[in-house]
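Observations on the model geometry
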Amino acid sequence: MTRRIIISLSLAAAAIAPAAAQTDPQLTQYYEVPTLFNPAAVGRTDYLNIRGAGRLQWVGVDNAPKTYLLTADMPLKLFGKRFGVGVTAMTESIGLYKTLAIDAQLAYKLRRWGGEFTGALAIGMYDQSFKGSEVYIPEGDDYHQDTDEAIPRSDIHGTALDLGLGLWYTHKYWQAGLSCTHLTSPSIKMGGDEGNSSTGQTEYEFQARRTLYFTAMGNIPVRNTLFELLPSLLVKSDFTFTTAEVMARGRYNKFLSLGVGYRWDDAIVATVAAEIKNFYVGYSFDYSTGGIRSASSGSHEIVAGYRLKLNMGEKNRNRHKSVRIM
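In this convention, every chain numbers its residues from 1, walking through the sequence in written order. Restriction of local features to residues with pLDDT of at least 70 applies here, the model being predicted, together with a cutoff of 80 or more for giving and counting side-chain atom pairs; totals for whole chains, interfaces and linings are based on all residues. The basis for every side-chain value is the complete set of non-hydrogen atoms in the structure, without hydrogens or water.

**Notes on the packing of aromatic side chains**
Here a Phe, Tyr or Trp ring, Trp counted by its six-membered ring, pairs with any other such ring whose centre lies within 6.5 Å, and the pair is stacked when the planes are under 30 degrees apart, edge-to-face when over 60, and tilted otherwise. Considering all chains together, one arrives at 12 aromatic pairs under this definition. Summarising the aromatic geometry, the rings of Phe 227 and Tyr 252 are spaced 5.1 Å apart at their centres and angled 50° between planes, so their arrangement reads as tilted. Of this pair, Phe 227 sits in strand β13 (residues 227-237) while Tyr 252 is found in strand β14 (residues 242-252), placing the two residues 25 residues apart along the sequence. Exposed residues in this analysis have more than 50% of their type's maximum accessible area, buried residues have under 20%, and partly exposed residues fall in between, with area computed by a 1.4 Å probe over protein chains only. Given a relative accessible area of 44%, Phe 227 falls into the partly exposed group. Helix and strand labels come from DSSP, where a helix needs a run of H or I of at least four residues and a strand needs a run of E of at least two; each type is numbered from the N terminus.

Right under this line is the structure:
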């Protein structure tokens, strides 16, 4: 009978134990890529929005998380109804683990109470791999034995269906959303040279934790000035670990923005961003407040993107401007 063993994320990244509570990636500029955590954030504006991001977490710590992602979303009008569609692709490496997650998102929009409600479903795949061929257990290790069957010694890999749900409300000066990723808490069965259930060999599994998110963002103009205040809040919980982060940003003339924030019991963050026509680029730096700061110089993150105005009116709906003259 096949033996199924749950692989703990901390096995591959024992030196970075806080990552054990992290199924989804950590992003400081979450307000720029909200569709990664909430599918109902698609199509919030009349633009095709494209964002790419890269994050190096805990620089200086071996095998620390490295995250890269791409998102795209746009509104859509069919049969007189408003929809939103989007896609996300994310890859992250932590220790000997590597994750690839790709989602397609579909949202339905309904105008109410001076704003717009959105409900959405995300469906995709969650791919997990572990490089067991690179496992190294030093002699005299008090925690792991070289003969431990719970430690794969060859490369293993598996894929599972992944689902997500989200709600979002957009108002003139604020927006907020509630979502759940990994809705069914999929179990990824990881097979390889030693993980084949048909031969009765050991089968390994990775559990993607169901995670709840609450997101809130504001855009408050300062009267008689070119300044805006852009506060934001993100709370997430996988029912075992809960954390929150707040960000206070200011933007001048819809061009330059600066901000500071705090992630509970983890880091103080600073951000700077610029918007030039339809292009966006933002940088953030996290200074760890926990014990890991003695080993790390901090975390760095860059987000860049482009947006293209779409004509959502009934007239001339097939007309568009050439990118050559925008």
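Moving on from the model shown.
**So, the confidence of the model for the protein**
Of the residues in the protein, 83% reach a pLDDT of 70 or more, and the chain-wide mean stands at 86. Scored from 0 to 100, pLDDT reflects the predictor's confidence in each residue. We call two residues contacting when some pair of their heavy atoms lies within 4.5 Å. Scored below 50 in pLDDT, residues 194-199 makes 13 contacts in the model with residues more than four places away or belonging to other chains. Counting interchain partners and residues more than four positions distant, the pLDDT-below-50 stretch residues 322-326 has 4 contacts.

**Section: a nonpolar patch on the surface**
Each patch groups residues whose relative accessible area exceeds 30% and which form no salt bridge, using 9 Å between like charges and 5 Å between nonpolar side chains of Val, Leu, Ile, Met, Phe, Trp and Tyr. For the accessible areas, the method is Shrake-Rupley and the probe is 1.4 Å, while residue cover comes only from the protein chains on display. Take a side-chain nitrogen of Lys or Arg and a carboxyl oxygen of Asp or Glu: if they are within 4 Å of each other, that pair is a salt bridge. Among the surface-exposed residues, Phe 255, Leu 256, Leu 258, Val 272, Ile 276, Val 281, Tyr 283 and Ile 302 lie close enough to one another that they form a single nonpolar patch of about 690 Å² accessible area. Mapping Phe 255 onto the fold places it in the loop between β14 and β15 (256-263). Exposure remark for Phe 255: the relative accessible area of 39% places this residue in the partly exposed category.

**Some thoughts on the side chain of Ser 129**
Along the chain, Ser 129 turns up in strand β6 (residues 115-131). By relative accessible area, Ser 129 is classed as buried at 19%. Excluding anything up to four places from it in sequence, Ser 129 contacts Leu 96, Tyr 97, Lys 98, Ile 156, His 157 and Met 190.

**Some words on the environment of Glu 205**
Mapped onto the secondary structure, Glu 205 falls in strand β10 (residues 203-207). Judged by its relative accessible area of 10%, Glu 205 is buried. Here the alpha-carbon distance between Glu 205 and Ile 156, two residues 49 residues apart in the chain, equals 9.9 Å. Whenever a nitrogen or oxygen atom comes within 3.5 Å of another N or O atom, the pair is scored as a polar contact, on the condition that within protein one atom can donate a hydrogen and the other can accept it, and that pairs from neighbouring residues in sequence are kept only if both atoms are in side chains. A distance of 3.1 Å separates polar atoms of two side chains, one belonging to Glu 205 and the other to Ser 187.

**So, the pairing of strand β16 (residues 267-276)**
If a strand is regular, its side chains alternate between the two faces of the sheet. Any two strands between which DSSP finds at least two bridges are classified as paired. As defined by bridge partners, β15 adjoins β16 across 8 bridges and the pair is classed as antiparallel. Paired with Ser 257 across the strands is Ala 273, a residue of β16. Where β15 hands over to β16, the hairpin turn is made up of 3 residues, of which Asp 265 adopts a positive phi near 55°. Sheet topology note: the β16/strand β17 (residues 279-288) ladder contains 10 bridges and is antiparallel. What sits directly across from Thr 271, in β17, is Ser 284. Between β16 and the antiparallel strand that follows it, β17, lie 2 residues; Lys 277 among them carries a positive phi value of about 55°.

**Observations concerning the nonpolar core**
What makes a nonpolar core is a set of buried Ala, Val, Leu, Ile, Met, Phe, Trp, Tyr and Cys residues whose side-chain atoms join them at distances within 4.5 Å. One finds Leu 69, Phe 130, Ile 188 and Met 190 to be the most contacted residues of the largest nonpolar core, which totals 39 residues. Elements supplying a minimum of two residues to this core: β5 (97-112), β6, β7 (155-170), β9 (187-192), β10, β11 (211-218) and β16.

**A short note on unusual backbone geometry**
A positive phi angle, close to 65°, is found at Asn 63, a residue other than glycine. Its relative accessible area of 45% is what places Asn 63 among the partly exposed residues. Phi angles above zero are rare outside glycine, and Trp 113 is one such case at about 55°. Counting through the fold element by element, Trp 113 comes out in the loop between β5 and β6. Judged by relative accessible area, Trp 113 falls into the exposed class, the value being 71%.

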